[in-house]
Every structure is written in C-alpha cells, then in structure tokens.
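Results of the structural survey
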Amino acid sequence: MSAYKIEAGTAQHIGNRPQQNDRVALYTAAQAPGYVMAVLADGNHSPIGADQVLLTAKHLFDEYRVGDSANLARLQELLRNIALEAHQVITMNPLAASAEPQSALAVLVLTPQAQAVWAHVGDARIYRFRGETCAMRTNDSAYVEHLIQHDKLPPEAAKKHRGSRLLNNTLGNSLKPPFVTTGWHEGLQAGDALMLCSDGLWQLFRPEELAAAVQRNTPRQAAERLIGKAGERAQGKGDNCSMAIIKLLAPPAQGPGYTVETMRRAV
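A short tour of the structure in this document, coming up.

Definitions and cut-offs
Chains are numbered independently. Their residues run from 1 in the order of the written sequence. Local features are withheld for residues below a pLDDT of 70 in this predicted model, meaning they are given only at 70 or higher, and side-chain atom pairs are given and counted only at 80 or more; totals for whole chains, interfaces and linings count all residues. Excluding hydrogens and water, the side-chain values take into account all heavy atoms of the structure. Only rings of Phe, Tyr and Trp enter the pairing, Trp through its six-membered ring, and a pair is recorded when the two centres are within 6.5 Å. The plane angle decides the type: under 30 degrees is stacked, over 60 is edge-to-face, the rest tilted. Think of it as a cone above the ring: NZ of Lys or CZ of Arg counts as a charge over the ring if it is within 6 Å of the ring centre and within 35 degrees of the ring normal. Site definitions follow a grid-based scheme: protein atoms alone, a 1 Å grid, a 1.4 Å probe that fits but cannot get out for cavities, and for pockets an open set with protein on both sides within 12 Å along at least five of seven lines, plus lining residues having an atom within 4 Å of a point. Grid points are joined across faces, edges and corners, and a volume is the space filled by probe spheres set on the points. Basically, the charged four are Asp, Glu, Lys and Arg, the nonpolar ten are Ala, Val, Leu, Ile, Met, Phe, Trp, Tyr, Cys and Pro, and anything else, Gly included, counts as polar. A run of H or I in DSSP counts as a helix once it spans at least four residues, and a run of E counts as a strand once it spans at least two, with each numbered from the N terminus. Categorising residues by exposure relies on relative accessible area from a 1.4 Å probe, with only protein chains included: less than 20% of the type maximum marks a residue as buried, more than 50% marks it as exposed, and the intermediate range marks it as partly exposed. Polar contacts, as used here, are pairs of N or O atoms within 3.5 Å; protein pairs need one atom able to donate a hydrogen and one able to accept it. Residues neighboring in sequence count only if both atoms are side-chain atoms.

1. Things to note about the packing of aromatic side chains
Within a pair of aromatic rings, the relevant descriptors are the distance that separates the centres and the angle that separates the planes. What the rule picks out here adds up to three aromatic pairs. Over the ring of Tyr-27 we find Lys-58, and its NZ or CZ is 5.7 Å from the ring centre. The ring centre of Trp-202 lies 3.6 Å from the NZ or CZ of Arg-125, which sits over that ring.

Next up, the structure:
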C-alpha cells in the first residue's frame with residue numbers, strides 16, 4: 001500500500017470568455033476502494049461535450065471492479081473506453097448536427113499501489129511533478145507521429161493539425177475518431193504531485209512554474225495563485241482556466257497510509 005495521504009482540489013475560472021465550457025471533477029469509485037479519478041474536459045464552443053465526458057467517466061468508473069492488485073492494462077482500457085464512449089454519445093447528440101460540440105480530455109486514476117494511469121485527447125494536459133521539478137507532461141507528439149505514420153501526412157502538416165477541422169484531435173469530431181494517448185507511472189511517493197489542466201492555464205506557464213506553485217502551496221492556494229497570474233498574463237484575452245491538483249503528502253505518524261482528504265473546489 002502507498003505511504004502517503006492525498007490532498008486534492010479542483011478550480012475553474014471563466015477568464016474573458018462569455019461562458020464556462022470546461023468541466024473538472026474528482027471521483028472515488030463505488031466498487032474500487034482506495035482508487036481516485038481526476039477528469040478534466042475542455043469544451044469548444046459549448047459545455048455539452050464536456051458535460052458528457054464527466055457523466056461517462058463517473059458511470060464507467062463506478063462500474064469498475066478491482067482484483068487483489070491494480071491491473072495497469074485494465075485501467076488503461078478503462079480510460080480509453082471513457083474517451084471512446086463519450087465521443088460516441090457526443091456525436092449522437094441531436095445538437096451535434098448543427099453545433100457539433102467537442103471536447104478535449106485529460107483523465108487520471110491513482111491506485112492504492114502508488115501507481116498513476118492516465119489518458120488524454122487533444123489540448124488538455126497532465127503533469128507529474130517531483131518536488132519543484134516537472135518529471136512528465138503530456139503533449140501531442142504521439143498524435144503527430146500517428147498522423148505521419150498512419151495518415152501519411154508530411155511532418156509540418158501534421159504539426160499544424162489543430163488548424164484543420166478534419167485533423168483536430170477531439171471528442172465529438174464527426175470527421176475523425178479520437179486518438180487516445182495513454183501512460184502510467186509506478187512508485188509514487190510523498191512529495192509527488194499530479195495536475196490536470198486546460199490550455200487556458202498551461203499555455204501561460206512554464207512547467208517549472210506550475211511545479212513550484214503546486215509544491216509550495218495547498219491545492220486551493222496554488223489554484224488561486226495560478227488563476228490570478230493567468231489573468232495578468234492573458235491581458236484581457238484569457239480562455240477558460242481549469243485544473244485538478246493532487247498532492248501526495250507524508251501520512252501522520254498514526255493512522256492509515258492512504259487517505260483521501262475532503263476534495264475541495266476552489267473557484
């Protein structure tokens with residue numbers, strides 16, 4: 001079992017947009033004690049796609065049953081299924097024919113065996129910090145390589161996929177199924193932290209800045225400071241800004257080694 005306790009929280013700010021299209025949540029599983037999920041969905045022009053992502057993630061996570069130990073392959077399949085099922089439901093929405101709601105996705109599961117498993121689609125990102133160092137961050141490199149190898153696109157064209165409605169990698173894109181990138185890390189320990197965030201945040205910060213903010217503050221304090229600084233740097237052009245922060249702290253001298261604290265929302 002893991003020798004840390006969890007302190008976690010979510011935060012959102014509308015930025016300078018007319019409405020909030022991001023959604024973010026933290027869940028525990030009904031049939032998987034000790035497992036924690038963080039999910040962040042970044043909607044395009046409406047929250048329809050992002051709302052569906054959270055509904056699908058909660059439903060499939062509640063159905064997930066565990067054995068005696070965590071199965072990384074099964075967890076990766078769970079996260080992939082969340083992305084694919086949400087995509088299918090979004091495209092079947094009656095509004096999809098006219099509005100075509102879409103959403104980026106970042107989703108992460110922590111296990112009691114000190115493991116983190118994640119998946120992402122599109123511009124939402126996942127970070128793993130060790131102290132004030134960024135040990136890992138997701139990006140589009142796997143999708144770009146897929147476009148080059150599978151779709152036979154020239155490298156420069158593949159790198160500009162966000163500018164093409166046909167190639168943009170999102171849930172709800174009726175022209176192309178989502179490309180889901182998965183990953184995992186074993187051996188989490190006290191002092192580590194994980195963060196999911198929308199492009200309204202990560203585009204304005206270096207990874208080391210995010211790591212330092214999370215390391216030096218509680219999740220709520222870090223969220224408030226990052227949102228405030230994001231507003232300054234955006235100079236009146238800020239996007240929706242959302243994040244989920246999970247810090248792994250040394251447990252008290254007495255008590256269980258794995259504790260999920262009250263999950264708070266910092267607005």
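On we go.
2. Re empty space enclosed by the protein
Under the criterion given, the structure shown has one cavity of 30 Å³ or more. Roughly 40 Å³ of internal volume is contained in the largest cavity. Lining the largest cavity are His-120, Gly-122, Asp-123, Ala-124, Arg-125, Thr-138, Asn-139, Asp-140, Arg-162 and Trp-202. Broken down by class, the residue content of the lining of the largest cavity amounts to two nonpolar, four polar and four charged.

3. Regarding unusual backbone geometry
Of note, the phi angle at Ala-114 is positive, near 60°, even though the residue is not glycine. Tracing the backbone shows Ala-114 in the loop between strand E4 (103–111) and strand E5 (115–121). On the basis of relative accessible area, Ala-114 is assigned to the buried category, the value being 10%. The phi angle at Lys-152 is positive, at roughly 60°, despite the residue not being glycine. Locating Lys-152 in the fold gives a position in the loop between helix H3 (141–149) and helix H4 (155–159).

4. Details of the side chain of Lys-176
With respect to the secondary-structure elements, Lys-176 resides in the loop between H4 and strand E8 (181–186). A residue is classified by how much of its surface remains accessible, and Lys-176, at 16% relative accessible area, is buried. A distance of 2.8 Å separates polar atoms of two side chains, one belonging to Lys-176 and the other to Asp-151.

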